[in-house]
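Structural characterization, general
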Amino acid sequence: MAELLFREDPYLKACDATVVAVHENAVELDRTVFYPMGGGQAGDTGRIGERRVIDTRKGATPDSVLHILEPGSAPSPGSRLEIELDWERRHRLMRLHTALHLLCAAVKAPVTGGRIAADKAHLDFDIEMEKLVKDEIEARINELVKSATATRPVWITDAELDARPELVRTMSVAPPRGEGRVRLVEVPGIDLQACGGTHVANTAEIGTLRVARIRSEGKKNKRVTVELA
């Protein structure tokens, strides 16, 4: 079981870690600052020692993380190494992931899917196309950015989440379970939902957002894509 440092402090850029297992080109560590792909958010990149990490994925158990290395020799189990994120890329992911929480607040409709990449992010909504007005959505999410509202994680039990299904906003993504508790992300007065991703500490840190496009991806999927301006 790895210590997932990003859960408590997404601003940690580096740490020392010990290699506990090697699976061909994937390495497991006893602790990590790398977020594994999940909840629509891309996995982190960076380095372990002198080796490049080109992706990060979830392992076989809830708290195991696979750091995917570029082709070449892998470090040996027991090695103690410094690990470091590609911080600028991670920070963009944090800004965009938090932006999607604001988008959830701006568009009052069920969320059917979403994705956060380093250059853009989108949510799919079950809503009529004519109700999605680009200029109105863009103005609203930037108003919420400028509100400079602090974000915070909140932990509840699995049973509490079961009793409040409205906290699961994205129908295609199940919140991470397995520990008896689930993490929520709260933007007070704006949004509260189950989410295991990484976020900025204050909405003002997102910066100006642009609605890049709105298009139909099917009967129940109207996609709104946002970018950092």
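Up top you'll find the structure we're talking about.
Just so it is clear, the model here is predicted, and its values are computed rather than measured. (Residues numbered from 1 in each chain as written. Predicted model: local features only at pLDDT ≥ 70, side-chain atom pairs only at ≥ 80, totals over all residues. Heavy atoms only, no water.)

Spatially, the 6 strands close up into a barrel ordered 2-3-7-6-5-8, and their pairing is antiparallel. Strand-to-strand, the axes of this sheet are offset by a mean angle of 45°, without reference to chain direction. The sheet contact formed by strand 2 (residues 14-23) and strand 3 (residues 26-29) spans 4 bridges and is antiparallel. Bridged to Val22 within strand 3 is Val27. (Pairing = 2+ DSSP bridges. Helix = DSSP H or I, 4+ residues; strand = E, 2+ residues; numbered from the N terminus. Axes fitted to C-alpha atoms, helices over the stretch in contact; angles between N-to-C directions.)

As for its position among the elements, Thr149 is in the loop between helix 3 (134-146) and strand 11 (152-157). A distance of 2.8 Å separates a polar atom in the side chain of Thr149 from a polar atom in the side chain of Ser147. With residues near it in sequence (within four places) discarded, Thr149 still touches Val187, Pro188, Ile190, Ala201, Asn202 and Thr203. (Polar contact = N/O pair within 3.5 Å; in protein donor to acceptor, adjacent residues only side chain to side chain. Contact = heavy atoms within 4.5 Å.)

Here the focus is the pairing of strand 15 (residues 222-228). Judged by how many residues are buried, strand 15 sits mostly within the fold: 6 of 7 residues are covered. With 5 bridges connecting them, strand 10 (residues 121-125) and strand 15 associate as antiparallel partners. The partner of Leu123 across the bridge, within strand 15, is Val224. Direction of pairing for strand 14 (residues 209-216) relative to strand 15: antiparallel, over a ladder of 7 bridges. Along strand 15, the bridge assignment pairs Arg215 with Arg223. Remark: 5 residues form the turn of the hairpin made by strand 14 and strand 15, two consecutive strands paired antiparallel; Gly218 in that turn has positive phi of roughly 135°. (Buried < 20%, exposed > 50% of the residue type's maximum accessible area, 1.4 Å probe, protein only.)

Evaluation of the coordinates by the stated rule reveals 2 aromatic pairs. Ring geometry for Phe6 versus Tyr35: centroids 5.4 Å apart, planes at 80°, classification edge-to-face. Taken together, the residues span a long stretch of sequence, with Phe6 in helix 1 (residues 5-8) and Tyr35 in the loop between strand 4 (31-32) and strand 5 (46-48) at a distance of 29 residues. Each member of the pair, Phe6 as well as Tyr35, carries the same accessibility label: buried. Note on Tyr11 and Trp87: the rings are 6.0 Å apart at their centroids and 45° apart in plane angle, and the pair reads as tilted. Placement of the pair is Tyr11 in the loop between helix 1 and strand 2 and Trp87 in helix 2 (residues 87-106), with a sequence separation of 76 residues. If you follow Lys13 out to its NZ or CZ, it ends over the ring of Trp87, 4.6 Å from the centre. Positioned above the aromatic ring of Trp155, the side-chain terminus of Arg181 is 3.7 Å from the ring centre. (Phe/Tyr/Trp six-rings, centres within 6.5 Å; stacked < 30°, edge-to-face > 60°. Lys NZ or Arg CZ within 6 Å of the ring centre and 35° of its normal.)

Counting buried positions along strand 10 yields 5 of 5 residues, so the element is predominantly enclosed. Residues of strand 10 alternate between two faces, with Ala121, Leu123 and Phe125 on one and His122 and Asp124 on the opposite face, all of them buried. The pairing of strand 9 (residues 111-116) with strand 10 spans 5 bridges and is classified as antiparallel. In the strand pairing of strand 10, Ile116 is matched with Ala121. In sequence, strand 9 turns back onto strand 10 through a hairpin of 4 residues.

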